[in-house]
Amino acid sequence: MYKKIKNYTSLLSQMKKNSNWHFNPIKKSKDAKYLGKIMLTKSIVDNAMSSVNRSKLKSAVSIFKSDISNYKNSEIAWSKMDNIQAGYNESNTLFKQVVFMNDKKMPIWCKKLIKLSKLENAYLAVNMNPPGTINPWHYDTYAGLLKRNKDNKFKLKDAIRILIFIQPWHWGHFLQVGNQIITHWDIGDVYTWDYQRYHLASNSGIKPRYTIAITGFTKNILKFN
């Protein structure tokens, strides 16, 4: 169990000063973008679910010992520390994840889905949230993607992450992006949101929640059928 820090300064408080988002929980705002639907084959869905089911549970607030005293040096560590200070722990933030980043070792089904995503220099991650767990309030840094951009072909403004739902919505499953709460999705529905937009996901239901995230670059406006 991590200890709480006296006179703690949160990353969230710093982001409020520097971001162009309103950070007003009362304000009704549409903060996610629906991009349409990707037609997923049964093979893609089955392979994605089986691959992540074989992985081990880990915590969304797990932090390296070396980062605990120097958490402000890392956006990822600082964001996790924000949630630790709010009361999240390694029990209520459990999830499974498998990341396919190595192009040579990437399964065929991953390559097919990345091709359908229309993203370049992209990688894919499958996530599973068991019932009773939360991926708390945070934003994505795109750190993994920027490491792949070795030739500097793309700029950060071209980076994007899309979230693909691979099962129909079920009770207790929801995604919140900014102030927008998303439920009742269908298989293949695709969403995205702006860089550094805070979001969270919860599984308060009775079945696991599965998603696929593809992170890559594009200079085009994405839209699926």
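Residues numbered from 1 in each chain as written. Predicted model: local features only at pLDDT ≥ 70, side-chain atom pairs only at ≥ 80, totals over all residues. Heavy atoms only, no water.

Undergrad: I tried to follow the packing of aromatic side chains on my own but got confused; where do I start?
TA: Aromatic rings in a pair are described by how distant their centres are and how their planes are angled relative to each other. Summed over all chains, the structure comprises 12 aromatic pairs. Ring geometry for Tyr8 against Tyr71: centres 5.7 Å apart, planes inclined by 40°, an arrangement best described as tilted. One end of the pair, Tyr8, is in the segment before helix H1 (11-18); the other, Tyr71, is in the loop between helix H3 (65-68) and helix H4 (75-86), and 63 residues separate them in sequence. For Tyr71, a relative accessible area of 10% puts it in the buried group. Between Phe23 and Tyr198 the ring centres are 5.9 Å apart and the planes differ by 75°, which places this aromatic pair in the edge-to-face class. Here the residue Phe23 occupies a position in the loop between H1 and strand E1 (32-37), and Tyr198 occupies one in the loop between strand E9 (189-193) and strand E10 (199-203), the gap between them amounting to 175 residues. The same class applies to Phe23 and to Tyr198, which are both buried. These aromatic residues form a ring-pair network of at least three members: Trp21, Phe23, Trp137, Tyr139 and Tyr198. (Phe/Tyr/Trp six-rings, centres within 6.5 Å; stacked < 30°, edge-to-face > 60°. Helix = DSSP H or I, 4+ residues; strand = E, 2+ residues; numbered from the N terminus. Buried < 20%, exposed > 50% of the residue type's maximum accessible area, 1.4 Å probe, protein only.)

Undergrad: Would you explain helix H2 (residues 42-53) in this entry?
TA: Residue pairs three or four apart in sequence face the same way in an α-helix, which turns once every 3.6 residues. Here H2 contains 12 residues, and its C-alpha end-to-end distance of 16 Å stays within 8% of the 16 Å for a straight helix at 1.5 Å per residue. Of all the residues in H2, the buried ones are Ile44, Val45, Ala48, Met49, Ser51 and Val52. Viewed along the axis of H2, the buried residues span an arc of 165°, placing them on a single side of the element. (Expected span 1.5 Å × (residues − 1). Arc of directions from axis to C-beta.)

Undergrad: Looking at this structure, I do not really get the sheet that holds E10. What am I missing?
TA: Backbone-to-backbone hydrogen bonds join strands into a sheet, with any given pair of strands oriented parallel or antiparallel. Within the open sheet, the 4 strands sit side by side as E5-E10-E7-E8. Their pairing is antiparallel. Strands at the two margins of the open sheet, each flanked by one partner only, are strand E5 (133-138) and strand E8 (180-182). Neighbour-to-neighbour, the strand axes of the sheet open up by a mean angle of 15°, direction not taken into account. Bridging between E5 and E10 involves 4 bridges; their strand directions are antiparallel. The partner of Thr133 across the bridge, within E10, is Asn203. (Pairing = 2+ DSSP bridges. Axes fitted to C-alpha atoms, helices over the stretch in contact; angles between N-to-C directions.)

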